[in-house]
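Coordinates in review
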Amino acid sequence: MAFEKTWRWFGIDDPVSLNDLAQMGVEGVVTALHHIPNGEVWTVDEIMKVKQAIEKHGLRWSVVESLPVSEGIKKNAPDSDRLIANYRESLRNLGKCSIDTVVYNFMPVIDWVRTSLRYRLSSGGEVMLFDLPTFAAFDMFILDRPGASEDYSPEVVKKAEETYSRMTEEEAVNLAKDIIVVSQGFIDGSVDGSEKDYIGKFKELLAEYDGTDREKLRENLSRFLKSVVPVAEEYGINLCIHPDDPPFPVLGLPRIVSTKEDLEWIARQYDSQSNGIAFCTGSLSAGSCNSMEEIIGSVGHRINFLHLRNNIILSGGSFHESGHIEGCVDMYRVMKLLLQEQRRRVREGRKDTRMPVRPDHGIRMLDDYNRDSNPGYPLIGRLKGLAELWGLETGIERSLDEQEKKTS
Ligand code: DNO
């Protein structure tokens, strides 16, 4: 067996067309109804339009990434019940259309965070970088968040001061725009790209979380799970929570999907395969302390979707993304453990054996410089990742087969 090979596709405006995907060996599409405003119901009609377009190309809509969780749910605002009811309705509609894997995240205000969307490697390729002092400079001097300096070590504060003093006004504007708008816009970010005062708006959104600490956010996630997982179960949908990226609190906001313990806590909130995980090696490995092997060992049975990618960890809490195979994640070990998990599912007669995988992000290279793409999603870099992961997977599969033959 092998994992289902999938590809993130951003809809009809995506420069990589559905027609291109079959040539690349892709079997399934990962996409969302990006045109439906966050919090509104996804109707059967709208879902079917996208589903049929995908199926016309001989592909399947493997995974929804993402059905976004509105801020009102994460904050438990007065409209939370209405938003949860809409979420349940969207899940029912997806279920009616036989879509069975749905990703979401529970990161307040901001999804992934990077300080450079175009960090040049010595090879000439470009990746995304998270530089902690630059991020601290954004937090302390551009956002001017009260008490921000207390969240960083004295060394980082000092470096942040130096970094900010060297920054031109244009660089500061671009940094804020990249963090708040450019990296979030295409994934249902909370600040509208057309918002002129995006910094002011962003600060307002942050302030709305005053008083929502880790415990409160956990309560809100637990309430959400207890209300949506039964619907997902009923309609045969496996939900997958995406880990925090990077996996630590940012901008004074709690983050509760960062570690093995966090994932174990989530798994305990509702005992069902429908309460599952999107295992993103890039997000989870960007912190210093997560072991991919231990996470798979503990909550591997709840993994419903795989995002495979890698990071180079720099000193002092910074990191940049890297090629899929090289970096801090031992991709050979991870792939082997995941394939063993798949075999276990087959032996147990479980239905969820497809284990869709996508090459997450990629190095911008070669012809990617002549094409538009969303940050992190260049064609050639991702295709190289797909090929590398596929080769690694095939090799491990064959050797597991041979071993099994010998011992049987
Ligand atoms: C970025 C992605 C995330 C992810 C969401 C899932 O490339 O990994 O934006 O799609 O967090 O809800």
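Anyway, here's the lowdown on the structure attached to this text.

Conventions and cut-offs
- Residues numbered from 1 in each chain as written.
- Predicted model: local features only at pLDDT ≥ 70, side-chain atom pairs only at ≥ 80, totals over all residues.
- Heavy atoms only, no water.
- Pairing = 2+ DSSP bridges.
- Helix = DSSP H or I, 4+ residues; strand = E, 2+ residues; numbered from the N terminus.
- Axes fitted to C-alpha atoms, helices over the stretch in contact; angles between N-to-C directions.
- Salt bridge = Lys/Arg side-chain N within 4 Å of Asp/Glu carboxyl O.
- Near = heavy atom within 4 Å.
- Polar contact = N/O pair within 3.5 Å; in protein donor to acceptor, adjacent residues only side chain to side chain.
- Areas by Shrake-Rupley, 256 points an atom, 1.4 Å probe, with all protein chains shown as cover.
- Nonpolar A, V, L, I, M, F, W, Y, C, P; charged D, E, K, R; others polar.
- Parallel < 35°, antiparallel > 145°, perpendicular 65-115°, else oblique.
- Contact = heavy atoms within 4.5 Å.
- Left-handed = near helix turned anticlockwise from the far one by under 90°.

Some remarks on the sheet that holds strand β3 (residues 60-65)
- Reading across from one edge, β1-β2-β3-β4-β7-β8-β9-β12 is the order of the eight strands in this open sheet, with parallel pairing throughout. At either margin of the open sheet sits one strand with a lone partner, and together these are β1 (6-8) and β12 (357-359). Across the sheet, the mean angle from the axis of one strand to that of its neighbour is 25 degrees, orientation sign disregarded.
- With three bridges joining them, strand β7 (residues 238-242) and strand β8 (residues 275-280) adopt parallel strand pairing.

Describing the pattern of salt bridges
- For the structure shown, the criterion picks out 38 salt bridges.
- Between E46 and K49 there is a salt bridge whose closest N-O contact spans 3.0 Å. Of this pair, E46 and K49 are both found in helix α2 (residues 44-55), three residues apart, which corresponds to roughly one turn of the helix.

Concerning the site of the ligand
- With respect to spatial proximity, 13 residues lie near the ligand, and among them E65, S66, D111, H361 and Y377 are the closest.
- The side chain of R8 places a nitrogen or oxygen atom 3.1 Å from an oxygen atom of the ligand.
- Between the ligand and H242, the relevant distance is 3.3 Å, taken from an oxygen atom to a side-chain nitrogen or oxygen of the residue.
- Its free accessible area being 330 Å², the ligand has 99% of it covered by the protein chains.
- Residue composition of the shell around the ligand, by class: six nonpolar, four polar and three charged.

Some remarks on the packing of helix α5 (residues 132-142) against helix α6 (residues 154-166)
- Interhelical geometry of α5 versus α6 gives an angle of 75 degrees and a closest axis separation of 8 Å. With respect to α6, the axis of α5 lies roughly perpendicular. Where α5 abuts α6, its residues L132, P133, T134, A136, A137, M140, F141 and I142 lie against V156, V157, K159, A160, E161, T163 and Y164.
- Tallied by class, residues from the contact of α5 with α6 come to 11 nonpolar, two polar and two charged.

What about the sheet that holds strand β6 (residues 126-130)?
- Across the sheet, four strands lie side by side as β5-β6-β11-β10; this open sheet has antiparallel pairing. With one partner strand each, in any of the chains shown, β5 (116-120) and β10 (310-313) form the two edges of the open sheet. In this sheet, adjacent strand axes meet at a mean angle of 40 degrees when their direction is disregarded.
- Sheet topology places β5 next to β6; three bridges connect them, and they run antiparallel. Bridge pairing links S116 to L129 in β6.

Here we look at the environment of T168
- Relative to the assigned elements, T168 resides in the loop between α6 and α7 (169-185).
- Note: C-alpha distance between T168 and E71 (97 residues apart in sequence) is 33 Å.

Here we look at the packing of α7 against helix α8 (residues 198-207)
- Two elements in contact, α7 and α8, have axes separated by 10 Å at closest approach and are oriented at 50 degrees. Relative to α8, α7 is oriented oblique. Judged by the twist between their axes, the crossing of α7 over α8 is left-handed. Of α8, the residues touching α7 (which contributes V173, A176, K177, I180 and V181) are Y198, I199 and F202.
- The residue makeup of the contact of α7 with α8, split by class, is seven nonpolar, no polar and one charged.

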